[in-house]
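# Chains, contacts and geometry: an overview
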Amino acid sequence: MRYPFSEIESKWQKYWEENKIYKTDLSNTDHKLYTLVMFIYPSGAKLHCGHWYNYGPTDTWARYKKLKGFNVFEPMGYDAFGLPAENYAIKTGIHPFDSTMTNIKDIRQQLEKMGCMYDWDSELMTCVPQYYKWNQWLFLQLYKKGLAYRKNAPVNWCPKDQTVLANEQVQSDGTCERCGTLVIQKNLTQWFFKITDYAEELLKGLNEINWPDKTKSMQRNWIGKSTGTEVKFKVENSDEIITVFTTRPDTLFGVTYVVIAPEHPLVDKLTTPEFKEKVAAYKDSIKSLTEIERTSTVKEKTGVPIGAYAINPVNSEKVPIWIADYALLTYGTGCVMAVPAHDERDFAFANKFNLPITKVILEAGTKPGDELNSAYTDSGEMINSGSFNGLNSDEGIEKISDYLEQKDLGRRKTNFRLRDWLISRQRYWGTPIPIIHCPKCGEVPLDEKDLPLELPYDVEFNPSGESPLASNKNFINVICPKCGVDAKRDPDTMDTFVDSSWYYFRYLNPNFSGKIFDQQLTDKWTPVDMYVGGAEHATMHLLYARFIHKFLRDLGYTNSDEPFTNLIHQGTITNQGTKMSKSKGNVVNPDKFTIEYGSDVFRLYLMFMGPYELGGDWSDKGITGSDRFVQRTYELFNRFPIILDRVSPKSKFEIAGLNGEEKSVYRKVNQTLKKYDEEINNFRFNTAIAAMMELLNELAKNLEKCSLKIQAYTLERFGVMLAPVAPHLAEECLEIIGRKNSVFKNTVWFEADTEALIEDIANIAIQINGKLRATIQLPVNSEQSYVKDIVFKDEKVIKYVDGKQVVKEIFVKNKIYNIVVR
RNA sequence: GCCGAAGUGGCGGAAUUGGUAGACGCGCUGGACUCAAAAUCCAGUCUGGCUCACACCAGGUGCCGGUUCGAGUCCGGCCUUCGGUACCA
């Protein structure tokens, strides 16, 4: 009889729900284990295979931990604010709130069908005032500490989504992370969170968390710490000072010109009258370039002199000041000292514009007079550097920095590539910013007791570049709480990454009302022990959450330094090489497979496909293999109904007292237990399932020939191993053999009998000069002398050794016997 | 350009500290069952050579070289693919 998955899945799902099997007792924190998967964005596309691939295997891991005795908390919720719902509203006229609620309802049903052990009492969604009120509260705390501020700056603007984006949300090809449209630069006044205040700590903290090295290195690069020195250059005939940042103060004597970012405010002040026109023309010419064109490393560098000269503080040399597109206003001081001899960019630029090149670092094995064909960027002996001549340049970095600091010509400085997090968005479907703009008082933060500032339902959606909230008169017009005059609310909403930067706290008591979260619980249950989600969040969500976590800790709201102790990225499931997405129309609907095969088969198949962290291209080719495994398993258990009522197996058997088949079965089940344990623990589901398939093959062959006791022993263990990977099937199978109660109610785990792991017989490979010539079977742990006798009686060995001299013999116990002949 | 990961049968993928390459599964081929098909079960399946067949021989983990009794695994030099990053001074 085929496994009636539909009936059995609903039977056990009902049982689990009625018996509150997955309700976590949060008061019990012994062996607590917080397992979390990144929450879901509730779009109309519902669950696709990628979601399943994320949630199914993670749930298997969580169930495995539960069986091993952990008190597991595994919640699920909805990242419910965001652009797609709003774009959908623009297209169809369906309000984002309504479409989101409908989607959540559908997705919840799909999630329930998956049969994961989510604690549904902890479900949360971010688009309700009870949740986003605390985004606003968080904003106010940051504001109070000066960590939320507004400034006018060149920012990334997505013309399609009609909103600004954070740096992290612009992809390396200059397109929008959400919609793929080319992002442009605009000068706008926007809200920022000062993540840069935590740059150093965000960097250091990476050493304390067990995350994939890849992800940590991406964050390190993104933070981009760089230590160097700021050097002050006086300007000839001017009181202005140009401060440059350099990591190579040792090359200061080699400066032949200075470059300022074209947008730098000093440019207008310093440009001499005869250069005004050229400078203006140049600034115009780069304005028309897109960000990618401008920062492309293959593009030739451009620039113009501004007519003014700077004075090198160490040798009083007069060098020309240029503006060039390769100097970035947003990094360091926006000004660069150019040392063409020892910097590739400066070298290329100097060659193009015939600027002088002065060598000040000597490459070992070259002469001072040798011509440079390219910039020499390594260390060496300092030359042409006054009193610093002869020093090694590494030492020179320190010596010149000391000198500059003593003379007040500069100071050591650490710079970060990380920029502040731009959090305001000119969109509707997000958290309103709790600030009032008063013509008299300026920015007036809302009082905490007036939160939440609710998002109004009625607004104009059509994107005009203006925040939709500005169209709702009742919302936008307000009396200044300070002075009573007519004022306006801030019309922007927050980046949805604010919502997700602290949601893992909220899960523990999503209905808590007095504070942002229930610290009684969160102090005991956070950090999250295991976090699973896509690698695409490496420098976005995963960085923001670490920042907010540290900020909350500084306020005394949490007792840990990091939000996620362990992190795993599931691989990406692609379809014909491209990532599944609704816009590309290549989404594979998992329902097709769950309807045909059931959710356990589908879950098994996803896990069996390959290494979890690799993902892969979607194909349903092998799913029949998982189906067969399930059918054969079900059939096997049905051959031994209520066996546990008829016999109570021992917890261990003496292997010597077993007959041949029993020994084989007993050994295999224990070997499988050990393998399974190691593999699942490390998210290597594919090999764990392969081991179970091997076990099933063994049982199909030999179980019937075993004693009742061995049969019961084996099936009980097989059933328990099955429970994390195919929960519905396992519950049913265990019930068939007579187990009372759900295995997830009275959890049990069987450790392998270590004595049963070793085989009696070892296969020993015989090699001549490293080539396999024969294999022999001998009792395990046979000594060399014993093996040698048998090896040299082997016909093939005789054939190969005959007439030759045996030079060496290598013996590895139970593995190989290699004879080296000449 | 730089940083990181990966290249193994027709396909997805296994392989402890260097120790019998191809576990497990898909697909395919042959057989059993069946009136027939599906399902199921059994056998075979890296490539080439030779053989009626068994056996045997040679080659084989992206390419070239090295270390070693022995290399998918270690070292050096390349090639390709995929992620990340992009003038960060």
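Scroll up to find the structure this text is about.
Residues numbered from 1 in each chain as written. Chains lettered and ligands numbered in written order. Predicted model: local features only at pLDDT ≥ 70, side-chain atom pairs only at ≥ 80, totals over all residues. Heavy atoms only, no water.

## A look at the side chain of Asn 670
Its location among the elements puts Asn 670 in helix H22 (residues 660-681). What makes Asn 670 buried here is its relative accessible area of 0%. Here Tyr 713 takes part through its side chain, which lies 3.2 Å from a polar atom of the side chain of Asn 670. Within the structure, Asn 670 has its side chain in polar contact with the backbone nitrogen of Asp 753 (distance 2.9 Å). Apart from the residues within four sequence positions on either side, Asn 670 is in contact with Tyr 713, Glu 751, Ala 752, Asp 753, Ala 756 and Leu 757. (Helix = DSSP H or I, 4+ residues; strand = E, 2+ residues; numbered from the N terminus. Buried < 20%, exposed > 50% of the residue type's maximum accessible area, 1.4 Å probe, protein only. Polar contact = N/O pair within 3.5 Å; in protein donor to acceptor, adjacent residues only side chain to side chain. Contact = heavy atoms within 4.5 Å.)

## Here we look at the nonpolar core
Core analysis: the largest hydrophobic core is formed by 192 residues, its most contacted members being Phe 139, Trp 421, Trp 502, Trp 618 and Val 725. For this core, the element with the highest residue contribution is helix H24 (residues 708-725), accounting for 10 residues. With sequence-adjacent residues up to four places away left out, Val 725 is seen in contact with Thr 60, Asp 600, Arg 603, Leu 604, Met 607, Tyr 676, Ile 680, Ile 689 and Met 692. One finds Phe 233, Leu 252, Ile 260 and Ile 286 within the second-largest nonpolar core, a separate group that totals 35 residues. (Core = buried A, V, L, I, M, F, W, Y, C linked by side-chain atoms within 4.5 Å.)

## Thoughts on the protein's contact with RNA strand B
Close to RNA strand B lie 55 residues; Lys 301, Tyr 331, Arg 345, Asn 763 and Asn 818 are nearest. The sugar-phosphate portion of RNA strand B accounts for 64% of its atoms within 4 Å of the protein, the bases making up the rest. Here a phosphate oxygen of RNA strand B sits 2.4 Å away from a polar atom, N or O, in the side chain of Arg 628. In the environment of RNA strand B, a base oxygen lies 2.2 Å from a nitrogen or oxygen atom belonging to the side chain of Asn 818. Here the surface near RNA strand B gets 6 residues from one element, more than from any other, and that element is helix H23 (residues 685-702). Residue composition of the surface near RNA strand B, grouped by class: 19 nonpolar, 19 polar and 17 charged. (Near = heavy atom within 4 Å. Nonpolar A, V, L, I, M, F, W, Y, C, P; charged D, E, K, R; others polar.)

Function cannot be inferred from these measures alone, as they are strictly geometric.
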